[in-house]
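# Chain and residue survey
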Amino acid sequence: MKWLRDTLGERARFHQPMSAHTTWAVGGPAWCVCQVHSAEETAAVIRATEEAGLPWMVLGRGSNLLVSDRGYYGVMLRLAGPLARLRREGDHIRAGGGAPLPAAVKLAARVGLAGLEWAVGIPGTAGGAAATNAGAFGSDLAALTRELTLLMPDGEVHTLPGEQVPAGYRRRELPPGAVVLEVLLALQPDEPRAVAERTEHFLAQRRQSQPVAAATAGCVFKNPPGDAAGRLIEAAGCKGLAVGQAEVSARHANFIVNRGRASARDVLALIEQVRRRVREATGVELELEVEVVGDA
Ligand SMILES: Cc1cc2nc3c(=O)[nH]c(=O)nc-3n(C[C@H](O)[C@H](O)[C@H](O)COP(=O)(O)OP(=O)(O)OC[C@H]3O[C@@H](n4cnc5c(N)ncnc54)[C@H](O)[C@@H]3O)c2cc1C
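Structural notes, computed from the coordinates.

Rules of the game
- Residues numbered from 1 in each chain as written.
- Predicted model: local features only at pLDDT ≥ 70, side-chain atom pairs only at ≥ 80, totals over all residues.
- Heavy atoms only, no water.
- Pairing = 2+ DSSP bridges.
- Helix = DSSP H or I, 4+ residues; strand = E, 2+ residues; numbered from the N terminus.
- Axes fitted to C-alpha atoms, helices over the stretch in contact; angles between N-to-C directions.
- Contact = heavy atoms within 4.5 Å.
- Phe/Tyr/Trp six-rings, centres within 6.5 Å; stacked < 30°, edge-to-face > 60°.
- Buried < 20%, exposed > 50% of the residue type's maximum accessible area, 1.4 Å probe, protein only.

## Focus on the sheet that holds strand β12 (residues 157–161)
Hydrogen bonds between backbone atoms are what pair the strands of a sheet, whose relative direction is either parallel or antiparallel. Taken in spatial order, the 5 strands of this open sheet run β6-β7-β15-β11-β12, and their pairing is antiparallel. With one partner strand each, in any of the chains shown, β6 (86–89) and β12 form the two edges of the open sheet. Strand-to-strand twist of the sheet, defined as the mean angle between neighbouring strand axes without regard to direction, takes the value 15 degrees. Pairing between strand β7 (residues 92–96) and strand β15 (residues 179–186): 5 bridges, direction antiparallel. When the sheet's bridge partners are listed, His92 is paired in β15 with Ala186. This element, helix α2 (residues 39–51), spans β11 (145–151), β12 and β15 of the sheet and lies at about 50 degrees to β11. In the packing of helix α3 (residues 101–111) onto the sheet, contacts are made with β6 and β7, and the angle to β6 comes to roughly 35 degrees.

Shown next, in the form of C-alpha cells:
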C-alpha cells in the first residue's frame, strides 16, 4: 500500500519483527506497524487497510500479546503523538490511548491523585489497559474510568460514560472494531508523598513475587473462579518446566519467561503442557489471559 508510505512517511514501518514490539520479545514480522497521530488519521489508515483486504489491530505496548513466529500479515496501529498524551484535569487524569500506563501512575503520584497506585509495574498503554480491563491487587481500570473516547468502525468518535461499556475480570466489552482514543480516569486528591508510598509498596510486592526484570507478558492464564492459576500450576509441578528457551518462572508459576531466544512455538508448546498437567492434576481447564495473534 503505497498510500501508507506516502501519507505517514517514516511513521509507517514495514516488515517489523514483533519480537521488538512485544514484552515477551517473541514473534515474526508484522507487514506494517504505523504510528497514527489523530482520530482522522487512525480512521483513514483503517479504511485503507480494509480496502486492501488486510486485517488491522491496535498495538499498545504489546505486553499482553503472543505473536506467532510467522508474524502478522496486516497493519498494526500504534497511537502516538497527541494520542499518547497525559494530562491532569482537576481530580482526573486524561490519558491518550497510546499513553504509557507507568507514566500515568507516576503523574498521579507527583500531583497527589490517589487510586491508580495498584497499576504500578503494568507496562501497557492506557488504551491497552482499558481494552483488557487491566487490574491488580483487587482493583481494575474499569472502576476508575469516568469516560472512554472511542473511534467507532463508521469513523465517528464517541465519548461514553465508563459504566456504559460493560466490564468484567480482564474483559471490557468494547463495540467490535472500536479503538480507544482516550480514557478519563477519576481519582481522589491526596498527599503526593502518601500516593508515592503506596505506589512503592505495591511495586515492592510485585518485585518480591514476580519476575519483573524478565521478558514476559505478565500472567499467562486467568485465575479460575475462587482460585489462583499460579497456585494450580505450581501444585501440578510445572515450576521450572521448559520448552526450548521458554520456561515457567520459578518466582511466579503463572509467568512464562523468555530466557533469550524463545520462539512463539516454544511458548505455545509450554502453554499446552502446563494446561494438560493442570487439567490432569486438578480437573481445571485454564483459560488464556494473553492474546495469541498472527498467522498460524
Ligand atoms: C511484567 C508484566 C506485568 C503485568 N502485570 C499485569 C497486571 O498486574 N494486571 C493486568 O491486567 N495485566 C498485566 N500485564 C499484562 C499487560 O500489561 C496488560 O494486559 C496491559 O493492559 C496490556 O496493554 P498493552 O498496551 O500492552 O496492550 P497490547 O498487549 O498491545 O494489546 C492487548 C489488546 O488490547 C488491544 N488494544 C491495545 N490498545 C488499544 C486501543 N487503544 N484501543 C482498542 N484496543 C486496544 C490490542 O489490540 C490487543 O487486543 C502485565 C504484563 C507484564 C509484561
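## Points about the packing of aromatic side chains
Two numbers describe a pair of aromatic rings. These are the distance of the centres and the angle of the planes. All chains considered together, the criterion is met by 3 aromatic pairs. An angle of 75 degrees between the planes, with centres 5.1 Å apart, marks the rings of Phe14 and Trp31 as edge-to-face. Separated by 17 residues along the polypeptide, Phe14 in strand β1 (residues 12–17) and Trp31 in strand β2 (residues 29–36) bring together distant segments of the chain. For the pair formed by Phe14 and Trp31, the shared burial category is buried. Plain terms: the ring middles of Phe137 and Phe202 are 4.7 Å apart, the flat faces sit at 40 degrees to each other, and that makes the pair tilted. Of this pair, Phe137 sits in the loop between β9 (135–136) and β10 (139–140) while Phe202 sits in helix α6 (residues 192–209); the two residues are 65 residues apart in sequence, bridging distant segments of the chain. Take Phe137: its relative accessible area is 38%, and that puts it in the partly exposed class.

Any link to function would need more than the numbers given here.
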